[in-house]
Amino acid sequence: MTDSATDPDREIRVEVFLRHCADADIVEHLKETAARSRRLEERVGPADVRVETWSPVCPALEELDDAGPSVSLTVDAFRSWADREGYALCAFDRRETPSMLDRRRAVHIRVPTACVAVYEDDDLQCVAPCSDGDRTYTVEDCLTALEAGRTEPFADRDERTEPRADGHVENHAHLEEEE
């Protein structure tokens, strides 16, 4: 586990993604997540905190954008981290939908309502929400670990506590946008 007090020279980047079209009943929760994330710049030391909105995408259409793919490449990087580290990104969903014009199917990527990615010296350290099969690690869990100075918040999986009983906070991390 990395401790900010022992390595002040590391560069920490925290990227917070909030789904662009979130239900009105969770907007206040998302505002607090953004505010809590921004406070990390003061608490963690030299941390670069970025808050962005994102939306579900069709990768084939995203490639046509002059700026190029963004969400699909980010999700691919997150999936690569999860595969390498033994996690599942349950709140990310890749679906195929039939075309109304022909028999081809289109791939759509749905993103969680809130997501946090932590980088240390440009190396991805964690993505939340994620699951190790036994426990789901929420955005709130990740922010709590960052506030304590840990950039590998799930490295202590063997010493974990039981999941929270208050599904209220955890469920916000897993809400899927209905199409």
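Just so it is clear, the model here is predicted, and its values are computed rather than measured.

### Re the overall build of the protein
Logical step 1: Along its length, the protein carries five helices and eight strands.
Logical step 2: Going residue by residue from the N terminus, the α and β elements of the protein occur as β-α-β-α-α-β-β-β-β-β-β-α-α.
Logical step 3: For the protein, buried positions account for 44% of its 179 residues.
Logical step 4: Counting only contacts in the protein whose residues sit at least 6 apart along the sequence, the fraction spanning at least 24 positions is 66%.
Logical step 5: For the protein, the computed accessible surface area is about 10000 Å², with 46% contributed by carbon and sulfur atoms.

### Quick look at the sheet that holds strand 2 (residues 47–54)
Logical step 1: Sheet architecture is open: four strands sit in the order 2-1-5-6, paired in mixed fashion. The strands lining the two open edges of the sheet, one partner per strand, are strand 2 and strand 6 (123–128). Here the strands of the sheet are splayed against their neighbours by 20 degrees on average, with no regard to which way each runs.
Logical step 2: By the bridge criterion, five bridges tie strand 5 (residues 114–120) to strand 6 in an arrangement that is antiparallel. Paired with glutamate 120 across the two strands is aspartate 123, which belongs to strand 6.
Logical step 3: Against the sheet, helix 1 (residues 27–43) touches strand 1 (12–19), strand 2 and strand 5, its axis set at about 160 degrees to strand 2.
Logical step 4: Most of the contacts of helix 4 (residues 139–147) go to strand 5, to which it runs at about 35 degrees, and overall it touches strand 1, strand 5 and strand 6.

### A look at the packing of aromatic side chains
Logical step 1: Taken as a whole and judged by the stated rule, the model has six aromatic pairs.
Logical step 2: On the numbers, 4.4 Å between centres and 25 degrees between planes, the contact of phenylalanine 17 with tryptophan 54 is stacked. On the criterion of sequence distance, the pair formed by phenylalanine 17 in strand 1 and tryptophan 54 in strand 2 is long-range, its members being 37 residues apart.
Logical step 3: Here tryptophan 81 and tyrosine 87 contribute two aromatic rings whose centre-to-centre distance is 5.0 Å and whose plane-to-plane angle is 5 degrees, an arrangement assigned as stacked. Like tyrosine 87, tryptophan 81 is buried.
Logical step 4: Clustering of aromatic rings is evident, with ring pairs tying together Phe17, Trp54, Phe78 and Phe92.
Logical step 5: Positioned above the aromatic ring of tyrosine 119, the side-chain terminus of arginine 13 is 3.9 Å from the ring centre.

### Some remarks on helix 3 (residues 71–85)
Logical step 1: Relative to the 21 Å expected for 15 residues at 1.5 Å per residue, helix 3 spans 21 Å between its end C-alpha atoms, a close match to the ideal helical length.
Logical step 2: Count one or two residues on from helix 3 and you reach glycine 86, which has phi positive near 85 degrees.

### Considering the side chain of aspartate 93
Logical step 1: Structurally, aspartate 93 can be placed in strand 3 (residues 93–98).
Logical step 2: Under the relative-accessibility criterion, aspartate 93 is labelled buried at 18%.
Logical step 3: Within the local environment of aspartate 93, its side chain forms a polar contact with the side chain of arginine 95, the two groups lying 2.2 Å apart.

### Section: the pattern of salt bridges
A pair can form between side chains of opposite charge whenever their charged atoms are brought close.
Logical step 1: Going through the model one piece at a time under the given rule, you end up with 11 salt bridges.
Logical step 2: Among the ionic pairs, arginine 94 bridges to aspartate 76, the shortest N-O distance being 3.0 Å. With arginine 94 in strand 3 and aspartate 76 in helix 3, the pair connects residues that are 18 residues apart, well separated along the chain.
Logical step 3: By relative accessible area, which is 37% here, aspartate 76 ends up partly exposed.

Thresholds applied
Residues numbered from 1 in each chain as written. Predicted model: local features only at pLDDT ≥ 70, side-chain atom pairs only at ≥ 80, totals over all residues. Heavy atoms only, no water. Helix = DSSP H or I, 4+ residues; strand = E, 2+ residues; numbered from the N terminus. Buried < 20%, exposed > 50% of the residue type's maximum accessible area, 1.4 Å probe, protein only. Contact = heavy atoms within 4.5 Å. Areas by Shrake-Rupley, 256 points an atom, 1.4 Å probe, with all protein chains shown as cover. Pairing = 2+ DSSP bridges. Axes fitted to C-alpha atoms, helices over the stretch in contact; angles between N-to-C directions. Phe/Tyr/Trp six-rings, centres within 6.5 Å; stacked < 30°, edge-to-face > 60°. Lys NZ or Arg CZ within 6 Å of the ring centre and 35° of its normal. Expected span 1.5 Å × (residues − 1). Polar contact = N/O pair within 3.5 Å; in protein donor to acceptor, adjacent residues only side chain to side chain. Salt bridge = Lys/Arg side-chain N within 4 Å of Asp/Glu carboxyl O.

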